[in-house]
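This is what each chain is made of:
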Amino acid sequence: MVTATLSGCADGHEEGDLSWQLDVLAQNWEVEIPSSVSLKGYQSSEVGPHGEVDAVYVVQARDVEGTWLDGDFDSPSKTRSEELAETVAAASAADIVGDVADLRCIDPLKKGTSDTLTVCRRSEADELILLEHVPIT
């Protein structure tokens with residue numbers, strides 16, 4: 001599933017430029033990232049005991065209406081909020097995400113039983129948090 005390394009620098013990008021992570025995300029999920037989306041923060045977890053990795057992307061997302069990033073966001077259940085908090089903690093991303101209690105989330109993309117990409121929004125309409133859970137193959 002993962003088609004590129006989750007850390008380091010990809011071809012054509014300067015050291016410290018994490019925008020290539022969006023290219024990896026697009027490849028992993030076979031989606032187009034709208035040109036209006038820019039990466040504000042990224043963290044990934046260590047590889048888990050079953051070969052899984054959690055990645056957290058914080059993106060500035062303007063003009064995403066009609067794309068896979070545009071959805072009917074509803075309030076997550078307490079269980080879902082706890083799962084999101086665990087994902088953020090596993091990826092050491094609390095500093096870039098902040099409080100997950102106010103996130104409203106959708107799960108627009110799934111592959112198989114364990115690959116998921118959750119898209120969350122706060123009250124700020126142009127910031128999205130993408131939570132990716134993938135097994136490493």
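This next bit is on the confidence of the model for the protein chain. With 74% of its residues at a pLDDT of at least 70, the protein chain reaches an overall mean of 74. Note on residues 1-15: pLDDT under 50 across the span, and 33 contacts to partners over four residues away in sequence or across chains.

With that out of the way, let us pick up unusual backbone geometry. For Glu30, which is not glycine, the phi torsion reads 55 degrees and is therefore positive. If you trace the backbone, Glu30 turns up in the loop between helix H1 (20-29) and strand S1 (37-44). Here the phi dihedral of Asp63 falls at roughly 55 degrees; this positive angle occurs in a residue that is not glycine.

Where two cysteines share a covalent bond between their sulfur atoms, that bond is called a disulfide. Per the stated rule, a full pass over the model turns up 1 disulfide. At a sulfur-sulfur separation of 2.3 Å, the disulfide partner of Cys105 is Cys120. Of note, the bridge from Cys105 to Cys120 carries an S-S torsion of about 105 degrees and is right-handed in sense. Taken as a pair, Cys105 in strand S3 (residues 104-111) and Cys120 in strand S4 (residues 115-121) lie far apart in primary sequence, 15 residues in all. Neither Cys105 nor Cys120 differs from the other in exposure class; each is buried.

What follows concerns the environment of Val47. Inspection of the secondary structure puts Val47 in the loop between S1 and strand S2 (52-61). Val47 sits in the exposed class, given a relative accessible area of 53%. Along the backbone, Val47 and Ala91 are 44 residues apart, and their C-alpha atoms lie at a distance of 9.8 Å. Excluding anything up to four places from it in sequence, Val47 contacts Glu52 and Val53.

Rules of the game
Residues numbered from 1 in each chain as written. Predicted model: local features only at pLDDT ≥ 70, side-chain atom pairs only at ≥ 80, totals over all residues. Heavy atoms only, no water. pLDDT = per-residue confidence, 0-100. Contact = heavy atoms within 4.5 Å. Helix = DSSP H or I, 4+ residues; strand = E, 2+ residues; numbered from the N terminus. Disulfide = S-S within 2.5 Å. Buried < 20%, exposed > 50% of the residue type's maximum accessible area, 1.4 Å probe, protein only.

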